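Now for the letters of each chain:
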Amino acid sequence: MSRQMVSHDADGLIYEFTPGLEPVYTAENGESLTVETIDSIGGAVQEDADIVDEVPEEVNGATGPIAVSGAEPGDVLKVEIEDVRVNEDRGRVLTIPDFGLLHESDEIEEPRTRVTPVEDDVIRFGDIEVPIQPCIGTIGVAPADKSYTTLVPHDHGGNLDTTDMTGGTTAYFPVFQEGGLLAMGDSKAAMADGEMCGTGAEIGTDIDITVTVLSNPAFELSRPVVETADAWKTIASAETLEAACQLANEDMTALLAKEHGVDETDAHLFSSLVGGLEISQVVDPLVTVRNAVPKEYLSSPF
């Protein structure tokens with residue numbers, strides 16, 4: 001059975017997640033789609049000589065938004081990410097002035113571009129081969145009441161830059177607006193946790209997903225959660241790493257309390273035994289972390 005293709009070119013893309021988004025496509029509950037995305041710089045960088053001397057006003061274009069029939073505020077939107085495939089023959093990794101973890105260092109040249117050619121299942125950084133591990137940098141839904149550019153992560157998702165948003169995992173988002181209004185883009189052929197220079201190997205992708213509405217969920221979701229093969233991970237973004245870690249731990253504590261029938265204090269104690277804080281990115285206007293608990297200690301929250 002063929003999948004509906006939703007394309008940045010034919011259907012549209014956004015540079016801001018707003019409460020009043022209008023869908024470019026409405027999917028049926030449980031429908032499988034392919035989403036075509038463009039790289040975060042919008043195709044402007046094709047060789048090493050193409051540099052970016054400031055963060056563009058429009059960056060991280062996200063294909064969509066896609067409404068899902070039946071999704072209502074208070075529901076959870078389940079997004080099964082079945083596959084993420086690169087759809088061009090090169091990525092690009094950049095420094096941009098005043099952006100990135102070491103942007104204040106005198107030793108770091110800004111701007112600089114390194115194009116990373118795609119060859120089979122690797123990208124090339126000079127003479128070094130790096131395995132392709134495509135992931136989605138920006139993915140989210142329409143927010144509750146404020147608007148956020150596609151450069152900013154928040155409770156709706158957005159620029160989470162989380163390597164777990166990849167083929168074989170499932171993302172869960174709180175629904176704030178009718179239809180959910182899902183959009184995604186800003187993919188990477190490869191990226192390290194932290195995204196230290198401010199980019200991964202930015203690249204266009206074709207993303208196979210299945211979207212399902214979880215109505216009246218057993219757990220009230222405030223922020224995104226991702227399910228990998230062996231763990232559940234709460235994801236939170238805030239102005240500081242400490243604040244983001246606190247939010248991610250609060251969310252995980254609530255999940256553990258529900259799972260094991262204990263109070264919040266015991267759940268907090270238990271999280272210190274089985275949880276694991278992981279950094280998603282430290283370079284965006286807000287930083288993002290996740291708290292991972294193996295599935296042997298936490299079954300499906302929903």
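Relevant structure appears above.
A. Seen up close, the overall build of the protein. What the protein contains, in helices and strands, is two helices and 22 strands. By principal-axis analysis of the C-alpha atoms, the protein measures approximately 60 × 45 × 35 Å. Counting over 302 residues, the protein shows a buried share of 53%. A separation of at least 24 residues holds for 77% of the contacts in the protein among residues at least 6 apart in sequence.

B. Focus on the sheet that holds strand β18 (residues 205-214). Within the open sheet, the nine strands sit side by side as β1-β5-β18-β7-β16-β19-β20-β22-β21. Their pairing is mixed. This sheet does not close on itself; its edge strands, each paired only once, are β1 (4-7) and β21 (276-281). Going across the sheet, the axis of each strand differs from the next one's by a mean of 30 degrees, ignoring polarity. Looking at chain direction, strand β19 (residues 225-227) and strand β20 (residues 231-238) are connected through three bridges and run antiparallel. Across the sheet, the residue bridging to Val225 is Thr234, located in β20. Sitting on the sheet, helix α1 (residues 241-260) is in contact with β20, β21 and β22 (287-294), with an inclination near 140 degrees to β20.

C. Quick peek at the pattern of salt bridges. Applying the stated rule across the entire model yields 21 salt bridges. Across the salt bridge formed by Asp155 and Arg223, the nearest N and O atoms sit 3.6 Å from each other. With a gap of 68 residues between them, Asp155 in the loop between β14 (153-154) and β15 (157-158) and Arg223 in the loop between β18 and β19 connect regions that are remote in the sequence. Residue Arg223 is classed as buried on the basis of its relative accessible area of 11%. The network of salt bridges with common partners includes Asp161, Asp186, Lys188, Glu195 and Glu202.

D. Here's a closer look at the packing of aromatic side chains. Going through the model one piece at a time under the given rule, you end up with four aromatic pairs. Note on Phe270 and Tyr297: the rings are 5.8 Å apart at their centroids and 85 degrees apart in plane angle, and the pair reads as edge-to-face. Of this pair, Phe270 sits in helix α2 (residues 264-274) while Tyr297 sits in the segment after β22; the two residues are 27 residues apart in sequence, bridging distant segments of the chain. Exposure remark for Phe270: the relative accessible area of 24% places this residue in the partly exposed category. Taking the relative accessible area as the measure of exposure, Tyr297 reaches 29% and is therefore partly exposed.

E. Seen up close, α1. With 20 residues, α1 should cover 28 Å at 1.5 Å per step; its first-to-last C-alpha distance of 28 Å lies within 8% of that length. For α1, the set of buried residues is Ala244, Ala248, Asn249, Asp251, Met252, Thr253, Leu255, Leu256 and Ala257. Close packing links the buried residues of α1 with β20, α2 and β22. Positive phi appears at Gly261, one or two residues downstream of α1, with a value of about 65 degrees.

F. Layout of a nonpolar patch on the surface. There is a patch of nonpolar side chains on the surface, built from Leu101, Leu102, Ile108 and Met196 and spanning about 350 Å² of accessible area. Counting through the fold element by element, Leu101 comes out in the loop between β8 (90-95) and β9 (112-119).

G. Quick look at the layout of surface pockets. Quantified by volume, the largest pocket comes out at close to 420 Å³. Val93, Leu94, Phe125, Cys197 and Thr199 are, among the 20 residues lining the largest pocket, the residues nearest its centre. Going through the elements one at a time, β8, β9 and β10 (122-125) are the ones with two or more residues in the lining of the largest pocket. Here the residues of the lining of the largest pocket are counted per class, giving 12 nonpolar, four polar and four charged.

Parameters at a glance
- Residues numbered from 1 in each chain as written.
- Predicted model: local features only at pLDDT ≥ 70, side-chain atom pairs only at ≥ 80, totals over all residues.
- Heavy atoms only, no water.
- Helix = DSSP H or I, 4+ residues; strand = E, 2+ residues; numbered from the N terminus.
- Buried < 20%, exposed > 50% of the residue type's maximum accessible area, 1.4 Å probe, protein only.
- Contact = heavy atoms within 4.5 Å.
- Pairing = 2+ DSSP bridges.
- Axes fitted to C-alpha atoms, helices over the stretch in contact; angles between N-to-C directions.
- Salt bridge = Lys/Arg side-chain N within 4 Å of Asp/Glu carboxyl O.
- Phe/Tyr/Trp six-rings, centres within 6.5 Å; stacked < 30°, edge-to-face > 60°.
- Expected span 1.5 Å × (residues − 1).
- Patch = residues over 30% accessible without salt bridge, like charges linked within 9 Å, V, L, I, M, F, W, Y side chains within 5 Å.
- Areas by Shrake-Rupley, 256 points an atom, 1.4 Å probe, with all protein chains shown as cover.
- 1 Å grid on protein atoms, 1.4 Å probe; cavity = no way out; pocket = protein on both sides within 12 Å on 5 of 7 lines; lining within 4 Å.
- Points joined across faces, edges and corners; volume = space filled by probe spheres on them.
- Nonpolar A, V, L, I, M, F, W, Y, C, P; charged D, E, K, R; others polar.

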